[in-house]
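So the chains spell out like this:
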Amino acid sequence: MAENPKIRTPIVCVMGHVDHGKTSLLDRIRGSSVVSSEAGAITQHIGATIVPIEAIRTMSGSMGKVPINIPGLLFIDTPGHHAFTTLRARGGALADMAILVVDINQGFQPQTIEALQILRNCKTPFVIAATKIDRIHGWRVNENESFISSFNKQNERVKGDVENKTYEIVGKLSELDFSADRFDRVADFQRNLAIVPLSAHTGEGIPDLLLIMIGLAQRYMSDELKLLVEGPGAGTVLEVKEERGLGTTLDVILYDGTLAVGDEIAVATQVDVVVTKVRSLLKPRPMQEILTEDRFERVKSVAAAAGIKVTAPNLEGVIAGSPFFVIRGNRDEVTEKIKREMTEIHVNLAEEGIVIKADTIGALEALCKELESKEIGVMRAEVGPVSRLDLVETETIKNPAFRVLLSFNTPLLPDAAEIIKDPLYTQVKVFEGKVIYQLIDQYVEWRDEQKR
Ligand code: GDP
Ligand code: MG
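Worth saying up front: this structure is predicted, and the values here are computed from it rather than measured. (Residues numbered from 1 in each chain as written. Chains lettered and ligands numbered in written order. Predicted model: local features only at pLDDT ≥ 70, side-chain atom pairs only at ≥ 80, totals over all residues. Heavy atoms only, no water.)

Caption draft 1: Structural context of the nonpolar core. Core analysis: the largest hydrophobic core is formed by 126 residues, its most contacted members being Leu 25, Phe 75, Ile 99, Leu 173, Ile 354 and Ile 356. It is helix H7 (residues 206-220) that provides the largest number of residues to this core, a total of eight residues. Beyond its immediate stretch of four places on either side in the chain, Phe 75 contacts Val 12, Val 14, Leu 26, Ile 29, Gly 47, Ala 48, Thr 49, Val 51, Ile 99 and Leu 210. Counting 19 residues, the second-largest nonpolar core is a separate cluster that includes Val 237, Val 267, Val 274 and Ala 312. (Core = buried A, V, L, I, M, F, W, Y, C linked by side-chain atoms within 4.5 Å. Buried < 20%, exposed > 50% of the residue type's maximum accessible area, 1.4 Å probe, protein only. Helix = DSSP H or I, 4+ residues; strand = E, 2+ residues; numbered from the N terminus. Contact = heavy atoms within 4.5 Å.)

Written as structure tokens, this is what we have:
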């Protein structure tokens, strides 16, 4: 098969409950690919790591015959719990694929369940990494081996333990309507979710994980990957950070085109769109240079896909998750596009339903879609804190079961908080939460109680 140079690097988000091992997994992938491939093959980026296909080939050791035309994988270590929904590109999730990390000894946690629901609603292909197998009592380590090869060397008790813990995960997934199995028992990866038991500390199972990710990318998303647009850079703001001596900086994931020093760029703030000029582009220094004074290396330009730190004037107030575009040509067109992406939700609003507010457009969509799947209509959906006006407008809803406002991960402004305390002032029922399904459960429970 001919290699297709126009295919872009798939973006893989690593998600999961805090402390289940996201960062360790990426560290391990980065570490072993540095060791196993020619020096310099691996590139460390801001907020991301690119693992080129040659490095994956070496690590997994068994792809010799598989025709592969993707250049590698760009892994994003999502900085916060809601990063997946915050990080958007082309009106949808930034990630092409995902790895959902679950500690095999702890099993599912609220954030694991929420991540699953979001991945389902976004139709993002993903695998489950069941991490920390080395913590299973009696596990004998076989550094960097494939899971099956190491598993076969364990004693019967340990094997039984792994099977039971894996089946617990399969069972939890089945409760959520996902059909899943250990990856080596999956015949159709489009129908069944693959669970890869692994350890970030010993590297066992990581070759299997990488192979499956490549397989998913090759089979189920090659069309999307061909949609490479060359030209002015397009990206998403991963984080907004104050850096000593640099001021406010943006950590950006560039998913299309190129970005250079001196380019005019546009990004969103809470209230507006800022247009500014790139002062510098910074890459992290390679591991071995960590002791040098300057933590960053300056570059003149970068091409997608890449993670890069951008310094420029007037970045104060830029929000994480904002779209990021290089302006070549019509400035108004670009700023309008950003405003649309920040406010336009891609969901159907109902004629009759509740009101929802969330901190970001992606979160709002995720909440909306989950409500839709539960057949709860949404009449109004907006980004931002809950104001008194929101309550006044919700108050006009006739059906008391819908006279409700769900506030997801966004604060109540003081005047709004004041009036919900007093039933004489408002009949609106407000629910607040930071995990989507828990917020919905609260509402449903209340609604069903009202019926009795
Ligand atoms: P994150 O919050 O999901 O990024 O989790 P971290 O990667 O920071 O890991 C949380 C803790 O679990 C750290 O103390 C890690 O050393 C530990 N940990 C992560 N992966 C493994 C693993 O595969 N085996 C063992 N034994 N410990 C792990
Ligand atoms: Mg982490």
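Caption draft 2: View of the sheet that holds strand E21 (residues 354-358). Strands sit in the order E22-E21-E23-E24 across an open sheet of four strands; the sheet is parallel. Both outer strands of the open sheet, strand E22 (378-383) and strand E24 (429-433), are each paired with one neighbouring strand and no more. On average, each strand axis in the sheet is tilted by 15° relative to the strand beside it, whichever way the strands run. Direction of pairing for E21 relative to strand E23 (residues 404-408): parallel, over a ladder of four bridges. Across the sheet, the residue bridging to Ile 356 is Leu 406, located in E23. Most of the contacts of helix H10 (residues 361-373) go to E21, to which it runs at about 145°, and overall it touches E21, E22 and E23. (Pairing = 2+ DSSP bridges. Axes fitted to C-alpha atoms, helices over the stretch in contact; angles between N-to-C directions.)

Caption draft 3: Inspection of the environment of Gln 109 at higher detail. The topology assignment puts Gln 109 in the loop between strand E7 (97-103) and helix H4 (110-122). A relative accessible area of 22% means that Gln 109 is categorised as partly exposed. For the pair Gln 109 and Gly 16, spaced 93 residues apart in sequence, the C-alpha separation works out to 8.8 Å. If we skip the residues at most four places from it in the chain, Gln 109 touches His 17 and His 20.

Caption draft 4: Focus on the packing of aromatic side chains. All told, the structure shown has six aromatic pairs when counted by the stated rule. Ring centres of Phe 431 and Tyr 443 lie 6.2 Å apart, and the angle between their planes is 70°; this geometry places the pair in the edge-to-face category. Of this pair, Phe 431 sits in strand E24 while Tyr 443 sits in helix H13 (residues 436-451), placing them twelve residues apart in sequence. A relative accessible area of 0% means that Tyr 443 is categorised as buried. Ring geometry for Phe 431 versus Trp 446: centroids 5.9 Å apart, planes at 65°, classification edge-to-face. Residue Phe 431 is located in strand E24, and its partner Trp 446 is located in helix H13; the two are separated by 15 residues in the primary sequence. Assigned by exposure class, Phe 431 and Trp 446 land together as buried. (Phe/Tyr/Trp six-rings, centres within 6.5 Å; stacked < 30°, edge-to-face > 60°.)

Caption draft 5: The arrangement of the pairing of strand E19 (residues 306-311) in detail. Counting buried positions along E19 yields six of six residues, so the element is predominantly enclosed. With three bridges connecting them, strand E16 (residues 280-284) and E19 associate as antiparallel partners. Across the sheet, the residue bridging to Leu 281 is Val 310, located in E19.

Caption draft 6: Summary view of the site of ligand 1. Around ligand 1, a shell composed of 14 residues is seen, among which Asp 19, Lys 22, Ser 24, Asp 134 and Ala 200 lie nearest. Ala 200 places a polar main-chain atom, nitrogen or oxygen, 2.7 Å from an oxygen atom of ligand 1. Within the side chain of His 201, one N or O atom sits 3.0 Å away from an oxygen atom of ligand 1. Relative to its unbound accessible surface of 580 Å², ligand 1 loses 77% to contact with the protein. Taken together, the residues that form the shell around ligand 1 break down as two nonpolar, seven polar and five charged. (Near = heavy atom within 4 Å. Polar contact = N/O pair within 3.5 Å; in protein donor to acceptor, adjacent residues only side chain to side chain. Areas by Shrake-Rupley, 256 points an atom, 1.4 Å probe, with all protein chains shown as cover. Nonpolar A, V, L, I, M, F, W, Y, C, P; charged D, E, K, R; others polar.)

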